[in-house]
Amino acid sequence: MMKYLEAFINTIVGTLDWTWRSITFDVVWYNNYFWGLILISLIVWILEIVFPWRKNQSVFRKDFWLDIFYMFFNFFIFAIVISGFYKVLELFFLDIFGMDAKSLALIDMKKFPMWSQLLIFFIILDFVQWFTHVLLHRFNALWRFHKVHHSVKEMGFAAHLRYHWMENILYKPLKVLGVMLLGGFEPEQAYVVHFAAITIGHLNHANIKLSYGPLKYVFNNPVMHLYHHAYALPKDRFYGVNFGISLSLWDYIFKTNYIPEDNGTIELGYEGDSKMPNSFFKQLFYGFKKED
Ligand SMILES: [Zn+2]
Ligand SMILES: [Zn+2]
């Protein structure tokens, strides 16, 4: 018991310390997600301001500050609080099943050159997230939490990280499984993958008309993701379209892609979105009741 309690406290203190050292520039730059996130946000925001797709949309669009707050909450505050629980769960799981992080390894990643480790890591992680995202739309008990992300009525980069804290938890099992299949460790330079994912995710939500030419069949993009947020879905795709996270590839493979041509001024949201509470605090507790 003491072992678990100790691990719980140590992990929370460690994550808190890591976050503080990031804020005060005391960690190496490529692991500094705090300032990295701010820098990527500023760059994408400037791009939105200089090259807006929906020209009438205000620079400080509806819920801009709510979304900025979500960004820091989901990335840092929530991460600190939950880190101890995850650590205890991991220890418990390993004790019970007598496994270690490498027991499920399908391949020995360390044999591959670094660039291919990163590529495999990126593709596997993106696929399991695509699949989780489909489940969030498919099952009502999960969709209730995912509605927070879909309550965005005006789209801009910061909407990327407006999502219910439960999503962090719902995405976790398959992500952990993905990492375990790859030998239970993240490649040394995994920060490249994480920063790429943040940048693509920010761009997906940005008010910019960008689809990367023929690369649109590989990478998710602002045009494709806007239709993921469309209020009116095609009749035969009632639970959603364009589930891609960083890659659009999965949507083309599984035929969940849908990109009508228009000027990007479609209505966003979902049926009944006016019932979503406006305040962050109320949204924290949203989704747990059947009627939500
Ligand atoms: Zn969604
Ligand atoms: Zn989105």
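Residues numbered from 1 in each chain as written. Chains lettered and ligands numbered in written order. Predicted model: local features only at pLDDT ≥ 70, side-chain atom pairs only at ≥ 80, totals over all residues. Heavy atoms only, no water.

The name given to the protein in an unreviewed UniProt entry is Sterol desaturase family protein, with the source organism recorded as Pontimicrobium aquaticum.

Undergrad: How should I be thinking about the overall build of the protein in this particular structure?
TA: Across its full length, the protein carries 10 helices and 0 strands. Counting from the amino terminus, the protein carries its helices and strands in the arrangement α-α-α-α-α-α-α-α-α-α. In terms of C-alpha radius of gyration, the protein reaches 20 Å, essentially the compact-globule figure of 19 Å for 292 residues. For the protein, the C-alpha atoms occupy an extent of roughly 55 × 40 × 40 Å along the three principal directions. The buried share of the protein, reckoned over its 292 residues, is 46%. Residue pairs at least 24 apart in sequence account for 75% of intrachain contacts in the protein once pairs closer than 6 positions are excluded. (Helix = DSSP H or I, 4+ residues; strand = E, 2+ residues; numbered from the N terminus. Rg over C-alpha atoms; globule rule 2.2 N^0.38 Å. Buried < 20%, exposed > 50% of the residue type's maximum accessible area, 1.4 Å probe, protein only. Contact = heavy atoms within 4.5 Å.)

Undergrad: Just checking my understanding: could you explain the layout of surface pockets for this structure?
TA: A water-sized probe, rolled over the atoms, reveals where empty space remains. Size it by volume and the second largest pocket reaches roughly 320 Å³. Trp143, Leu233, Phe238, Tyr239 and Tyr270 are, among the 17 residues lining the second largest pocket, the residues nearest its centre. At 3 residues, the largest contribution of residues to the lining of the second largest pocket is made by helix α5 (residues 140-150). Its residues placed into classes, the lining of the second largest pocket shows 9 nonpolar, 6 polar and 2 charged. (1 Å grid on protein atoms, 1.4 Å probe; cavity = no way out; pocket = protein on both sides within 12 Å on 5 of 7 lines; lining within 4 Å. Points joined across faces, edges and corners; volume = space filled by probe spheres on them. Nonpolar A, V, L, I, M, F, W, Y, C, P; charged D, E, K, R; others polar.)

Undergrad: Got a minute to help me understand the coordination of the zinc ion (ligand 2) in this structure?
TA: Four donors placed tetrahedrally around a metal ideally meet at 109.5 degrees, and six donors placed octahedrally ideally meet at 90 or 180 degrees. Taken together, His149 (NE2), His205 (NE2), His225 (NE2) and His229 (NE2) make up the full set of protein donors to the zinc ion (ligand 2), lying 2.0 to 2.1 Å away. Around the zinc ion (ligand 2), the 4 donor atoms are arranged such that angles at the metal cover 89 to 155°; this shape is classified as irregular. One chain supplies every donor to the zinc ion (ligand 2), and in sequence these donors are spaced H-x55-H-x19-H-x3-H. The distance between the zinc ion (ligand 2) and the zinc ion (ligand 1) comes to 5.9 Å. In this structure histidine 225 comes out as buried when scored by relative accessible area, which is 4%. (Donors = N, O, S within 2.8 Å, 3.2 Å for Na, K, Ca; no water. Tetrahedral: all angles 85-135°; square planar, octahedral: opposite > 155°, others 65-115°.)

Undergrad: Can you walk me through the environment of phenylalanine 219 in this structure?
TA: Among the secondary structure elements, phenylalanine 219 is positioned in the loop between α7 (190-205) and α8 (222-228). You can call phenylalanine 219 partly exposed: its relative accessible area is 27%. It is 25 Å that separates the C-alpha atoms of phenylalanine 219 and isoleucine 68, two residues lying 151 residues apart in sequence. Among residues more than four places away in sequence, those in contact with phenylalanine 219 are Ile200, Tyr212, Ser246, Leu247 and Ser248.

Undergrad: For this particular structure, what's the right way to read the coordination of the zinc ion (ligand 1)?
TA: Surrounding the zinc ion (ligand 1) are the protein donor atoms His133 (NE2), His137 (NE2), His146 (NE2), His150 (NE2) and His228 (NE2), which sit 2.0 to 2.2 Å from the metal. Site description for the zinc ion (ligand 1): donor spacing in sequence, H-x3-H-x8-H-x3-H-x77-H.

Undergrad: Help me understand the side chain of threonine 15 in this model?
TA: Along the polypeptide, threonine 15 turns up in helix α1 (residues 2-23). Not counting the four nearest positions on each side in its chain, threonine 15 is found in contact with Ala79, Ile80 and Ser83.

Undergrad: Could you clarify how one ought to interpret the UniProt feature "domain: Fatty acid hydroxylase" (unreviewed entry) in the protein in this entry?
TA: In the UniProt entry, the feature "domain: Fatty acid hydroxylase" (unreviewed entry) is given for residues 119-256. From the first C-alpha to the last, residues 119-256 spans 23 Å; its make-up is 55% helix and 0% strand. (UniProt positions renumbered as here; feature names shortened; annotations may be inferred.)

Undergrad: Please explain the packing of helix α2 (residues 33-50) against helix α3 (residues 64-97) as it appears in this structure.
TA: In a packed pair of helices, the relevant descriptors are the angle between the two axes and the axis-to-axis distance. Running from N to C, α2 and α3 cross one another at 150°; their axes reach a closest spacing of 11 Å. Relative to α3, the element α2 lies roughly antiparallel. Between α2 and α3 the crossing geometry is right-handed. Contacts between α2 and α3 involve Tyr33, Phe34, Leu37, Ile38, Ser41 and Trp45 on the former and, on the latter, Phe64, Met71, Phe72, Phe75 and Phe76. Of the residues in the contact of α2 with α3, the class split is 10 nonpolar, 1 polar and no charged. (Axes fitted to C-alpha atoms, helices over the stretch in contact; angles between N-to-C directions. Parallel < 35°, antiparallel > 145°, perpendicular 65-115°, else oblique. Left-handed = near helix turned anticlockwise from the far one by under 90°.)

Undergrad: Please explain the pattern of salt bridges as it appears in this structure.
TA: Any two side chains of opposite charge can pair, given that their charged atoms come close. The final tally for this structure, using the stated rule, is 10 salt bridges. It is possible to trace a salt-bridge network through shared partners that takes in Arg61, Lys62, Asp63, Asp67 and Arg162. (Salt bridge = Lys/Arg side-chain N within 4 Å of Asp/Glu carboxyl O.)

Undergrad: Could you clarify how one ought to interpret unusual backbone geometry in this entry?
TA: A negative phi angle characterises most non-glycine residues, just as the trans form characterises most peptide bonds. Positive phi outside glycine occurs at phenylalanine 25, with the angle close to 60°. Structurally, the position occupied by phenylalanine 25 is in the loop between α1 and α2. Here the phi dihedral of tyrosine 212 falls at roughly 60°; this positive angle occurs in a residue that is not glycine. Residue position: tyrosine 212 is located in the loop between α7 and α8.

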